[in-house]
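Breakdown of the fold
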Amino acid sequence: MKSEELRTVDNEHVWHPFTQMRAHRDESVPIIESGDGFFLTDVDGRTYLDGISSLWCNVHGHRVPAIDQAIREQLDKVAHSTLLGLASVPSIELAAELVRRAPAGLMKVFYSDSGSTAVEIALKMAFQYHAQKPVPEEQPRDLFACMQHAYHGDTIGSVSVGGIAIFHQIFGKLLFEAVQIPCPTAYHRPDEYSAAGYLEFCEQELERLIVENQHRLAAFIIEPLVQGAAGMLMHPPGYLKRVRELTARYGIPLIADEVAVGLGRTGTMFACEQEGVTPDFLCLAKGITGGYLPLAVTMATEEIFDAFDAEPEEYKTFFHGHTYTGNSLACAAALATLKLFDTQQTLENVKQNTQVLTERLAELKDHPHVGEIRQKGVMVGIELVADRESKAAFPAAWRMGHRVTLAARRQGVIVRPLGDVVVLMPAPGMPADLIGQLCDVVFAAIDEAIRLQVA
Ligand SMILES: *Cc1c(COP(=O)(O)O)cnc(C)c1O
């Protein structure tokens, strides 16, 4: 198909995710045909720097020889076989590799195919775990704790533990009950608090809500260190550790959703490592295959697993499984992705790029329309505001974040905002000179978008 025909068919038949199709039709988005390294090329021959890791999943680049080869070699053996009643070589090898690298104690690997399912599985496992504990409790545990503004995916269970109002509200009646813990980020605090005062309030609320609901809580779910989709909201140091201490004290399993923060983006392979935390469940997806193929894992501890370990006729089995569970091509891509972390010293690269980003972001610190700059590793959120003093937002209809995206795209860089937060999410393997290019273009795009709109 030619470029124009592709666009027509796209507009007529492809329903894009999280997209108002009316706006999409007017916009002539690039239609990507190929990629190489950290660039994507569209059908009209224009090339773009991939500044958001193809929505947070690419790790070592596109068309990485080692990953391509691993998939081809697996393709010459078999593309897929089921894990129901059979086992497979790549799924076994990947499980061993994940157990070796994850925080100590996470011994079991349950496969699925998206971040949402990884979370859904952890929620269901936690719920069933309590029902099957050796000493049953009086009250069933039917409540989950989650963070305010949390994002854990789009299936009904994962939306139930989500805290982004526009996604949550419309499905309200379908969702199960969750208690929201106030998000400990000082920038968006109620007026009556100082920054320090608000963080203290959040700590107190965390403990209060856990204590108050201790007998009903089936699990506490958190995005460790950074709440990505909320607009790159960063928790203060020590917060995750505190959550672990409290949940451990009251016997509440902790689910760490590292779908976004995992695979090196915060500076360590897993964000939990930075606070010495072992969760009861660890959810991974997005970057696990290097951004090549859909694969997710839910890791669990021996203690969780033991509650399911019984004779078949006891019906303590975890009755859940997706058809493509542990897909061989995807597992092969994941194995190659993990090995590249060693051979390419990807974490060292993240460390250097973290520094580069910190230095470049300092250029924006006095910008009249930058309210806050948030960074953890190579995850960055630049919050645009109409007024720095009052933190007043731009009118929503202006779609300032979106305008920045369009201005950056005209200069050959792909980024995607979260509201008026401009997100930089370079792949962990991106070379430093491209990080510089990303900053050059995006900073100029911020100025251009504001100039065109405010003037
Ligand atoms: C993207 C994301 C998910 C959902 O993953 P999908 O693969 O899109 O289902 C879940 N949790 C977090 C933290 C995410 O960033």
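Residues numbered from 1 in each chain as written. Predicted model: local features only at pLDDT ≥ 70, side-chain atom pairs only at ≥ 80, totals over all residues. Heavy atoms only, no water.

Scanning the model with the defined rule gives seven aromatic pairs in all. An angle of 90° between the planes, with centres 5.9 Å apart, marks the rings of F308 and F318 as edge-to-face. Taken together, the residues span a long stretch of sequence, with F308 in the loop between α11 (302-306) and α12 (328-343) and F318 in the loop between α11 and α12 at a distance of 10 residues. Pair check on accessibility: F308 and F318 agree, each one buried. Each member of the aromatic cluster is reached from another via a ring pair, and the members are F110, F308 and F318. Above the ring of F305, the side-chain terminus of K108 is found at 4.0 Å from the ring centroid. The cationic tip of K391 hangs over the ring face of Y187; the distance from NZ or CZ to the ring centre is 4.5 Å. (Phe/Tyr/Trp six-rings, centres within 6.5 Å; stacked < 30°, edge-to-face > 60°. Helix = DSSP H or I, 4+ residues; strand = E, 2+ residues; numbered from the N terminus. Buried < 20%, exposed > 50% of the residue type's maximum accessible area, 1.4 Å probe, protein only. Lys NZ or Arg CZ within 6 Å of the ring centre and 35° of its normal.)

Backbone geometry at L55 places phi at a positive 60°, although glycine is not the residue there. Turning to its location among the elements, L55 is positioned in helix α3 (residues 53-56). Phi angles above zero are rare outside glycine, and R63 is one such case at about 50°. In this structure, R63 sits in the loop between α3 and α4 (65-75).

Attention now goes to the domain arrangement of the chain. Considered domain by domain, the chain is made up of domain 1 (31-60 + 345-454) and domain 2 (68-343). Taking the mean C-alpha position of each, domain 1 and domain 2 sit 27 Å from one another. Contacts between the two partners involve 31 residues from domain 1 and, on the opposite side, 31 residues from domain 2. Counting each side, the surface lost to burial between domain 1 and domain 2 is near 2500 Å², with a carbon and sulfur contribution of 64%. Counting the contacts that link domain 1 with domain 2 gives zero salt bridges. Where domain 1 touches domain 2, the interface holds 16 residue pairs in polar contact (both at pLDDT 80 or more). Elements with a minimum of two residues in the side of domain 1 that touches domain 2: α3, α13 (346-361), β13 (370-376), β14 (379-384) and β16 (421-424). Top element by residues in the side of domain 1 that touches domain 2 is β13. It accounts for five residues. When its residues are assigned to classes, the side of domain 1 that touches domain 2 shows 17 nonpolar, nine polar and five charged. (Domains from an automatic or database assignment. Contact = heavy atoms within 4.5 Å. Buried area = accessible area lost by both parts, 1.4 Å probe. Salt bridge = Lys/Arg side-chain N within 4 Å of Asp/Glu carboxyl O. Polar contact = N/O pair within 3.5 Å; in protein donor to acceptor, adjacent residues only side chain to side chain. Nonpolar A, V, L, I, M, F, W, Y, C, P; charged D, E, K, R; others polar.)

Judged by pairing direction, the sheet is antiparallel, and its three strands sit side by side in the order β13-β14-β16 without closing on themselves. The sheet is open, and its two edges are formed by β13 and β16, each paired on a single side. Mean inter-strand twist for the sheet, computed between neighbouring axes without regard to direction, equals 15°. Summarising the sheet, β14 and β16 pair through four bridges and their orientation is antiparallel. Each bridged residue has a counterpart across the sheet, and for G381 the counterpart in β16 is V423. The sheet contacts of helix α15 (residues 432-454) involve β14 and β16, and relative to β16 the element is tilted by about 170°. (Pairing = 2+ DSSP bridges. Axes fitted to C-alpha atoms, helices over the stretch in contact; angles between N-to-C directions.)

With that out of the way, let us pick up the environment of E212. Here E212 is to be found in helix α9 (residues 195-212). E212 gets classed as exposed once you look at its relative accessible area, which sits at 52%. Of note is the side chain of E212, whose polar atom sits 2.8 Å from the side chain of R208.

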